[in-house]
Amino acid sequence: MPAKPKEARAVALVRDLIWRFYKALKIWKQKPLPQAIPGFRRRFDRIFTLHTGYDALDQLLTRLHRRKDELLKVLECPHIPLHTNASENDLRAFVTKRKISGGTLSRDGLVARDTMLGLMKTCKKLGLSFYRYLGDRLGIAGQIIPPLAGLVAAKA
């Protein structure tokens, strides 16, 4: 059911406030100033405690406000991303593979598929050839590749 004109305006207002807040956080991340943190927290509270008179929107704002600490974690750790694009990209290969193959027939098949896809993604992020890594683990002569855990830790 389409939103009523007043409801649509309320949604547009809240959306605008949230996007402005997000843009301000992006700017702050470039040069984090600790003295600005209380202002961001107050601004978050003003936005996410709004009462618009529209139940669905008010419930959404309340739910997001309950997650304040999680959503504002960037104020404590400016190096973390403001979005989940990287995580969603990591899952894309899994979802595509599942759609193409129709899933797996057994729990073992699921574990094997997820393990291989996880190793492939990790190798790619580390700039390693998955096939060389797999060859090394299977004892095929060639380049010796150290354990991935050590490479991940070194890159972190």
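The structure under discussion appears in the preceding block.
Residues numbered from 1 in each chain as written. Predicted model: local features only at pLDDT ≥ 70, side-chain atom pairs only at ≥ 80, totals over all residues. Heavy atoms only, no water.

Quick one: what's the story with the side chain of D136, residue by residue and with numbers?
Within the secondary structure, D136 sits in helix α7 (residues 130-137). We classify D136 as buried; its relative accessible area is 19%. Within the structure, D136 has its side chain in polar contact with the side chain of R137 (distance 2.2 Å). A distance of 3.4 Å separates a polar atom in the side chain of D136 from the backbone nitrogen of I145. Beyond its immediate chain neighbours, meaning those up to four positions away, D136 contacts Q143, I144 and I145. (Helix = DSSP H or I, 4+ residues; strand = E, 2+ residues; numbered from the N terminus. Buried < 20%, exposed > 50% of the residue type's maximum accessible area, 1.4 Å probe, protein only. Polar contact = N/O pair within 3.5 Å; in protein donor to acceptor, adjacent residues only side chain to side chain. Contact = heavy atoms within 4.5 Å.)

Any chance you could break down the layout of surface pockets for me, citing the residues and the numbers?
In this structure, the largest pocket occupies an estimated 600 Å³ of space. In terms of lining residues, the largest pocket is bounded by 20 residues, among which Y22, L25, L71, L82 and H83 are the most central. Of all the elements in the fold, those that place two or more residues in the lining of the largest pocket are α1 (5-30), α2 (37-48) and α4 (68-71). Broken down by element, the lining of the largest pocket gets its largest block of residues, six residues, from α1. Grouping the constituent residues of the lining of the largest pocket by class yields 14 nonpolar, two polar and four charged. (1 Å grid on protein atoms, 1.4 Å probe; cavity = no way out; pocket = protein on both sides within 12 Å on 5 of 7 lines; lining within 4 Å. Points joined across faces, edges and corners; volume = space filled by probe spheres on them. Nonpolar A, V, L, I, M, F, W, Y, C, P; charged D, E, K, R; others polar.)

For the environment of H51, give the residues involved together with the corresponding values.
Structurally, H51 is set in the loop between α2 and α3 (55-66). Through-space distance from the C-alpha of H51 to that of T62 is 9.2 Å; in sequence the pair is 11 residues apart. At a separation of 3.5 Å, a polar atom in the side chain of H51 contacts the main-chain carbonyl oxygen of T49.

Outline the pattern of salt bridges, listing residues and values.
Going through the model one piece at a time under the given rule, you end up with seven salt bridges. Salt-bridge contacts for R20 lead to D16; the nearest nitrogen and oxygen are separated by 2.8 Å. With R20 and D16 both in helix α1 and four residues apart, this pair spans about one turn of that helix. A relative accessible area of 35% places D16 in the partly exposed class. A salt bridge links E76 to K73, with the shortest nitrogen-to-oxygen separation between them at 3.2 Å. Exposure remark for E76: the relative accessible area of 49% places this residue in the partly exposed category. Residue K73 is classed as partly exposed on the basis of its relative accessible area of 37%. Residues joined in a network through salt bridges with shared partners are R41, K73 and E76. (Salt bridge = Lys/Arg side-chain N within 4 Å of Asp/Glu carboxyl O.)

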